[in-house]
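Spelled out from the first residue to the last, the chains are:
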Amino acid sequence: MKQRISDNLVQLRGQIADACEEYDRDADDITIVAIAKTQPASAIQKVVAAGIHNVGESRIQEAEPKINEVGRIARFHMVGHLQTNKVKKALELFDVIQSVDSLKLAEEINRRAGELDREVECYLEVNTSGEEQKYGFAPEETVSMIKQISEFSNIELTGLMTIGPLTDDEQQIRAAFRRCCELFREGRELLGNEFDTLSMGMSGDFHLAIAEGSTMIRPGTSIFGPRRPREKG
Ligand SMILES: *Cc1c(COP(=O)(O)O)cnc(C)c1O
């Protein structure tokens with residue numbers, strides 16, 4: 001599998017380079033977060049050995065044994081919905097929480113990080129697709145949430161994250177990403193250069209995200225292959 005992961009990464013980097021060429025972006029400005037959900041701990045070790053420094057997971061229960069097994073070999077990003085009763089655990093495991101999707105969750109992260117006398121890096125998740133089953137702040141409330149949450153003393157708010165709409169319609173996907181990029185620019189005007197990350201684009205749509213200003217993409221299957229059936233919990 002090592003071979004496959006490194007081959008897939010070579011291909012992915014080529015596709016990122018092509019998209020950057022096409023849309024006049026610099027490939028050095030695009031960070032890859034390899035989303036390892038459903039993959040074994042050994043897959044994380046392999047992707048890190050292949051030169052990836054950022055790894056994402058979407059469930060605490062699944063991430064905990066894997067991260068404990070591999071140790072702190074990468075920056076770990078939480079990208080899935082986080083329940084408030086799992087915040088304490090999330091702070092033990094993750095360097096970045098990308099999926100801050102409510103004020104209540106932000107308050108709990110701030111409180112728990114305060115207990116640890118720590119600042120935790122967070123992005124706000126924006127529901128740009130309007131799909132009801134998706135988590136995240138509505139675009140209309142995002143700027144006011146950026147203002148509010150950036151004041152929290154134990155949260156370092158450095159970006160936005162969004163999941164593109166589930167559709168084949170490229171115009172619709174691009175419109176959602178464009179909206180998120182506008183919000184990101186507004187946030188940057190408010191908070192300055194430390195607000196520097198726009199996390200958008202997965203295996204199927206990262207080229208469109210790059211077109212619309214993404215600085216961080218979150219491919220999973222294009223690096224690791226198809227998701228594996230869950231073994232437990
Ligand atoms: C699963 C997941 C990804 C990766 O999706 P792929 O289609 O496998 O690239 C990215 N971001 C989030 C939030 C995810 O849950």
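Keep in mind that what you see is a predicted model, and the values were worked out from it rather than measured.

A short note on the packing of helix H6 (residues 139-150) against helix H7 (residues 170-191)
Reasoning step 1: Taken N-terminus to C-terminus, the directions of H6 and H7 make an angle of 30°; their axes are 10 Å apart at the nearest point. One finds that H6 runs roughly parallel with respect to H7. Our pair here, H6 against H7, has a crossing hand that is right-handed. Residues Pro139, Thr142, Val143, Ile146, Lys147 and Ser150 of H6 form the contact with H7, whose own contacting residues are Arg179, Leu183, Glu186, Gly187, Leu190 and Leu191.
Reasoning step 2: Classifying every residue of the contact of H6 with H7 by side-chain character gives six nonpolar, three polar and three charged.

Let's talk about the layout of surface pockets
Reasoning step 1: The calculated volume of the largest pocket comes to roughly 680 Å³.
Reasoning step 2: Lining the largest pocket are 28 residues; nearest its centre among them are Lys37, Ile163, Met202, Arg218 and Arg227.
Reasoning step 3: Its residues placed into classes, the lining of the largest pocket shows 10 nonpolar, 10 polar and eight charged.

Section: the environment of phenylalanine 137
Reasoning step 1: Mapping phenylalanine 137 onto the fold places it in the loop between strand S5 (120-126) and H6.
Reasoning step 2: On the accessibility criterion, phenylalanine 137 (3% relative accessible area) is buried.
Reasoning step 3: Sequence separation between phenylalanine 137 and isoleucine 109 is 28 residues; the distance between their C-alpha atoms is 16 Å.
Reasoning step 4: Once residues within four sequence positions are removed from consideration, phenylalanine 137 is found in contact with Val100, Asp101, Ser102, Leu103, Leu124, Glu125, Val126, Asn127, Thr142, Met145 and Ile149.

Observations concerning the site of the ligand
Reasoning step 1: Near the ligand you find Ile35, Lys37, Val79, Ile163, Met202, Ser203, Arg218, Pro219, Gly220, Thr221 and Arg227, and these make up its full shell.
Reasoning step 2: Between the ligand and serine 203 there is a distance of 2.5 Å, counted from an oxygen atom to a side-chain nitrogen or oxygen.
Reasoning step 3: Here a nitrogen atom of the ligand and a side-chain polar atom of arginine 218 are 2.9 Å apart.
Reasoning step 4: Taking 390 Å² as the accessible area of the ligand by itself, protein coverage stands at 90%.
Reasoning step 5: Of the residues assigned to the shell around the ligand, the class counts are five nonpolar, three polar and three charged.

Observations concerning the side chain of glutamate 125
Reasoning step 1: Tracing the backbone through its elements, the reader meets glutamate 125 in strand S5.
Reasoning step 2: No salt bridge is formed by the buried glutamate 125. Its closest oppositely charged neighbour is arginine 218, at 7.0 Å.
Reasoning step 3: For glutamate 125, the contacting residues outside a window of four places in its chain are Gln98, Ser99, Val100, Asp101, Tyr135, Gly136, Phe137, Met161 and Ile163.

Remarks on helix H5 (residues 103-115)
Reasoning step 1: The end-to-end C-alpha distance of H5, which contains 13 residues, comes to 18 Å, matching closely the 18 Å that a straight helix rising 1.5 Å per residue would cover.
Reasoning step 2: Considered for burial, the residues of H5 that qualify are Leu105, Ala106, Glu108, Ile109, Asn110 and Ala113.
Reasoning step 3: In this structure, the buried side of H5 is in contact with helix H4 (87-93), strand S4 (96-100), S5, H6 and strand S6 (155-162).

Reading the values: rules and limits
- Residues numbered from 1 in each chain as written.
- Predicted model: local features only at pLDDT ≥ 70, side-chain atom pairs only at ≥ 80, totals over all residues.
- Heavy atoms only, no water.
- Axes fitted to C-alpha atoms, helices over the stretch in contact; angles between N-to-C directions.
- Helix = DSSP H or I, 4+ residues; strand = E, 2+ residues; numbered from the N terminus.
- Parallel < 35°, antiparallel > 145°, perpendicular 65-115°, else oblique.
- Left-handed = near helix turned anticlockwise from the far one by under 90°.
- Contact = heavy atoms within 4.5 Å.
- Nonpolar A, V, L, I, M, F, W, Y, C, P; charged D, E, K, R; others polar.
- 1 Å grid on protein atoms, 1.4 Å probe; cavity = no way out; pocket = protein on both sides within 12 Å on 5 of 7 lines; lining within 4 Å.
- Points joined across faces, edges and corners; volume = space filled by probe spheres on them.
- Buried < 20%, exposed > 50% of the residue type's maximum accessible area, 1.4 Å probe, protein only.
- Near = heavy atom within 4 Å.
- Polar contact = N/O pair within 3.5 Å; in protein donor to acceptor, adjacent residues only side chain to side chain.
- Areas by Shrake-Rupley, 256 points an atom, 1.4 Å probe, with all protein chains shown as cover.
- Lys, Arg positive; Asp, Glu negative; His and termini not counted.
- Salt bridge = Lys/Arg side-chain N within 4 Å of Asp/Glu carboxyl O.
- Expected span 1.5 Å × (residues − 1).

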